[in-house]
Amino acid sequence: MTTDVAPAPAQLDAPAERPRIFSGIQPSGVVHLGNDLGAIRNYVRLQSEYEAIYCIVDYHALTSTHEADLLRARTREMAASLLALGLDPERCTLFVQSHRPEVTELAWLLMTVTPVSWLERTPTYKEKKQGQPDDVNHGLLTYPVLQAADIVIHKASLVPVGKDQAAHLELSREIVRAFNARYGNTFPEPQAVYTEAPIVLGTDGVRKMSKSIGNTIDILADEDLIRKQVMSMVTDTKRILRSDPGRPEVCNVCQLQRHFGDDYEDLWEGERTARTGCVDMKKVLAGRIVARYADARERYGELMAEPARLDEILAAGAERIRPIAEATMAEVREKMGLR
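Described in the following lines is the structure provided in the data block. Note that the structure is predicted; figures quoted are calculated from it, not measured. In every chain, residue numbers begin from 1 and rise along the written sequence. Only residues with pLDDT of at least 70 are given local features in this predicted model, and only at 80 or more are side-chain atom pairs given and counted; all residues enter the totals for whole chains, interfaces and linings. To obtain the side-chain values, all non-hydrogen atoms of the structure were used and water was disregarded.

**Describing the pairing of strand 4 (residues 158-161)**
Next, step 1: When accessible area is computed with a 1.4 Å probe and restricted to protein chains, residues below 20% of their type maximum are described as buried, those above 50% as exposed, and intermediate ones as partly exposed. Note on conventions: DSSP H or I runs of at least 4 residues are helices, E runs of at least 2 residues are strands, and numbering of each starts at the N terminus. Covered by surrounding structure in strand 4 are Leu-158 and Pro-160 together with Val-159 and Val-161, the residues of both alternating faces.
Next, step 2: Handedness is read with the strands pointing away from the viewer; a crossover is right-handed when the path from the first strand over the helix to the second is clockwise. Handedness of the crossover joining strand 4 and strand 5 (residues 191-194) through helix 8 (residues 166-183): right-handed.

See the structure below:
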């Protein structure tokens, strides 16, 4: 993780002095391997270094998910997944976006300083229009404004992103600059905390791991399913025979080994020399994934069996940040002439 702007983290016995960090995640249900390697592992690490606020963004999900029961189920599953994988409610704040509805008021107010042209040029808007051409709702266009509101309502100064996502954060910064120019200095410009999160390819070996594509490895599922998904992975398509030398640099199975053991270079050498085959590599990877997430799978099951406890954790998170959200909105309303 690198950043050009973040001050050195304070000691853990002085959390109030730590920089505040914010990140949101879509309630897509139970997490897969790409979610963990690409974001959640960083969330867990950052909760020790920053005053971390993490949000399950169910308002955002409404731009594509319209079944009420499905959204509720996915939100709870995401919360259980995050906690099972290491988020600690005593060290970070975890809440559901709609549990602090002040953010929707702020999003509307930020829209009044955001030119439509800024939103229309957003690459993700164009992508989402193509992905759901029969449901191009207004929320798809104004999605970035709600993202900006999520960040600035907490006066978060830092946002963890992969370097490929830096352009998305820049729009939030532009919105902040527009608001501050019109109404006076109110929000800090959110800065990127660049993480080393990888782009994790799915079992097809071509596209990013995604439930919508059906190419995931479901790390919190039962062992048999995990092994079945790993064994279905596409490897080096040019390695036809078991005796052919492999190319670990292009084999997705080999690339994933680096996340589950320090001996990955030895494994790669076995592929290059044809000492091992693709099936061997898949079996090794499947076994390590099963072992790595064994405790998390057990914890996930416990959390899902106690929905009241899960809801209590989320409610406590929303209540913890109430003073921040209310103070921000009081300041914004006064500056905009609404009080």
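Here the narrative resumes, following the displayed structure.
**Quick look at empty space enclosed by the protein**
Next, step 1: The rule is simple: put a 1 Å grid over the protein atoms alone, call a set of points where a 1.4 Å probe fits but cannot get out a cavity, call an open set with protein on both sides within 12 Å along at least five of seven lines a pocket, and count a residue as lining if it has an atom within 4 Å of a point. Grid points are joined across faces, edges and corners, and a volume is the space filled by probe spheres set on the points. All chains considered together, the criterion is met by two cavities of 30 Å³ or more.
Next, step 2: Taken as a whole, the largest cavity holds about 50 Å³ of empty space.
Next, step 3: In terms of lining, the largest cavity is formed by Phe-22, Cys-55, Phe-95, Gln-97, Arg-100, Val-103, Asp-150, Ile-153, His-154 and Ala-325.
Next, step 4: Residue composition of the lining of the largest cavity, grouped by class: six nonpolar, two polar and two charged.
Next, step 5: Of the voids in this model, the second largest cavity is the one considered here, and its volume is about 40 Å³.
Next, step 6: Around the second largest cavity, the lining residues are Pro-89, Cys-92, Thr-93, Leu-94, Ile-313, Gly-317 and Arg-320. When residues are grouped by polarity, Ala, Val, Leu, Ile, Met, Phe, Trp, Tyr, Cys and Pro land in nonpolar, Asp, Glu, Lys and Arg in charged, and all others, Gly among them, in polar.

**Points about the pattern of salt bridges**
Next, step 1: When a carboxyl oxygen of Asp or Glu lies within 4 Å of a side-chain nitrogen of Lys or Arg, that pair is called a salt bridge. The tally for this structure, following the rule as stated, stands at 23 salt bridges.
Next, step 2: Arg-41 is the partner of Asp-36 in a salt bridge, and the nearest nitrogen-oxygen pair spans 3.2 Å.
Next, step 3: For Asp-36, a relative accessible area of 2% puts it in the buried group.
Next, step 4: Glu-302 is the partner of Arg-299 in a salt bridge, and the nearest nitrogen-oxygen pair spans 3.9 Å. On the criterion of helical spacing, the pair formed by Arg-299 and Glu-302 is a turn pair, its members being three residues apart in helix 13 (residues 294-304).
Next, step 5: On the accessibility criterion, Arg-299 (35% relative accessible area) is partly exposed.
Next, step 6: Take Glu-302: its relative accessible area is 37%, and that puts it in the partly exposed class.

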